[in-house]
Amino acid sequence: MKILLVEDDEVLCEILQTVLQKEGFIVQMTVDGGEGLYLAENFHPDAMILDVGLPTLDGISLLKIIREKGLTLPVLLLTEKGEVADRIHGLNAGADDFLPKPFDYGELVARVRAIIRRSKGVASSKLEMEDMEIDMAARTVRRGGQPIALTAKEFNLLEYLAIHVNRVVSRTELFEHLYNEEFESNSNVIDVYVKFLRNKIDVPYPVKLIQTVRGAGYVLRVGPNITCTDDEHIVV
Ligand code: CA
């Protein structure tokens, strides 16, 4: 999942980037409201952490523009302590949540995870599909009750597919939400990571969850119509 962090306190910005990266997030940060707008439109963030007091374009004005443009990404506002008016204006302008400074970093991470889940229509931080359990807060996976060790990248890929269960996700979309770079159409990096992930979560088990949809991407499919007849689980 990708987080856009717009905060003009550079020290706080660096700390938050480190905290969020440790939790597995891809982070893009800027200290400038105008650049924040550009990144919100072009960086494909899954959520935005937005400081209210910013140079060139303040946080609430930025939020209003984002909503006027039809961008629905969840936004967590960072407000100054005691500024009730900011919170009210922020929520009215389309913020999903707010956190007054100073705040606990663990609480920030939990709130970011919560607004992302809600925006994707997922109620709990634990997902159960077939015999697989994914704990998005603890970043752990089990199949048949057995823990499976995944790298950060593999977990992020699984989490993205699982949150969008039964929806075909293109390679481009996966790349945009899992990497900080522009997607190059000849890149096979997503295919490589899907293979790594399958080797751990699908190959040892009779029911294959990740399917390749030729020409479209990948889908984590659960439900009554799971059909996997070949090695690559290709659906055409
Ligand atoms: Ca500020």
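Above this text sits the structure in question.
All residue numbers refer to positions counted from 1 along the written sequence of the respective chain. Local features in a predicted model are, by the rule used here, given only for residues with pLDDT of at least 70; side-chain atom pairs are given and counted only at 80 or more, and totals for whole chains, interfaces and linings are based on all residues. For the side-chain quantities, the full set of heavy atoms in the structure was used; hydrogens and water were omitted.

### What to know about a negative patch on the surface
Like charges are joined within 9 Å and nonpolar side chains (Val, Leu, Ile, Met, Phe, Trp, Tyr) within 5 Å, but only among residues with over 30% relative accessible area and no salt bridge; these make up the patches. Each accessible area is a Shrake-Rupley result for a 1.4 Å probe, and residues are judged covered by the shown protein chains and nothing else. By convention in these notes, a salt bridge is any Lys or Arg side-chain nitrogen within 4 Å of a carboxyl oxygen on Asp or Glu. In summary, the charge assignment counts Lys and Arg as positive and Asp and Glu as negative, without counting His or the chain termini. All charge positions are set by atom: Lys at NZ, Arg at CZ, Asp at CG, Glu at CD. A cluster of acidic side chains, namely D8, D9, E10 and E14, defines a negative patch on the protein surface. Looking at where D8 falls in the secondary structure, it is placed in the loop between β1 (2–6) and α1 (10–22). Note on classification: 1.4 Å probe, protein chains only; a residue is buried when its accessible area is under 20% of the maximum for its type, exposed when over 50%, partly exposed between these limits. Taking relative accessible area as the criterion, D8 reaches 34% and is therefore assigned partly exposed. Only runs of H or I of at least four residues qualify as helices and only runs of E of at least two qualify as strands under DSSP, and these elements are numbered from the N terminus.

### A short note on the sheet that holds strand β9 (residues 146–148)
Pairing between two strands requires that DSSP report at least two bridges joining them. An order of β6-β7-β8-β9 is seen for the 4 strands of this open sheet, with the pairing classed as antiparallel. In this open sheet, the two strands that pair with only one neighbour each are β6 (126–129) and β9. Direction aside, the axes of adjacent strands within the sheet are offset by 25 degrees on average. Where β6 lies against strand β7 (residues 132–135), 4 bridges are found, and the strand directions are antiparallel. Bridging from a neighbouring strand, M129 pairs with M132 of β7. Note on contacts: a residue pair is in contact if any heavy atoms of the two residues lie within 4.5 Å. Helix axes are fitted to C-alpha atoms over the stretch in contact, other axes to C-alpha atoms as well, and angles between N-to-C directions run from 0 to 180 degrees. Of the strands in this sheet, β6, β7 and β8 (140–143) are in contact with helix α6 (residues 152–163), which crosses β7 at around 110 degrees.

### Points about the packing of aromatic side chains
Centres within 6.5 Å are what make two rings of Phe, Tyr or Trp a pair, Trp counting through its six-membered ring; a difference in plane orientation under 30 degrees is then read as stacked, over 60 as edge-to-face, and the rest as tilted. Under the criterion given, the structure shown has 4 aromatic pairs. Both rings, one in F175 and one in Y179, keep their centres 4.5 Å apart while their planes meet at 10 degrees; by these two values the pair is stacked. For F175, a relative accessible area of 5% puts it in the buried group. Here Y179 falls in the buried class, since its relative accessible area comes to 10%. Here the aromatic rings of Y193 and F196 are separated by 5.5 Å at their centres, their planes lie at 85 degrees, and the arrangement is edge-to-face.

### Some words on helix α7 (residues 171–178)
For α7, the full list of buried residues reads E173, L174, F175, H177 and L178. Against the buried residues of α7 lie β1, β2 (26–30), α6, α8 (189–201) and β11 (217–220).

### Structural notes on empty space enclosed by the protein
For cavity detection a 1 Å grid was placed over the protein atoms alone, and a set of points counts as a cavity when a 1.4 Å probe fits there but cannot get out; an open set counts as a pocket when protein lies on both sides within 12 Å along at least five of seven lines, with lining residues being those that have an atom within 4 Å of a point. Grid points are joined across faces, edges and corners, and a volume is the space filled by probe spheres set on the points. In total, this model carries 1 cavity of 30 Å³ or more according to the counting rule given. Size it by volume and the largest cavity reaches roughly 70 Å³. Along the walls of the largest cavity sit M1, F25, R113, I116, R117, M136, E159 and I163, which together make up its complete lining. Within the residue set of the lining of the largest cavity, elements represented by two or more residues are α5 (105–119) and α6. Considered class by class, the residues forming the lining of the largest cavity number 5 nonpolar, no polar and 3 charged. Three or more residues apiece are contributed to the lining of the largest cavity by two domains, here domain 1 (2–119) and domain 2 (126–220). Nonpolar residues are Ala, Val, Leu, Ile, Met, Phe, Trp, Tyr, Cys and Pro. Charged residues are Asp, Glu, Lys and Arg, and all others, Gly as well, are polar. Domain ranges listed in this record stem from an automatic or a database domain assignment.

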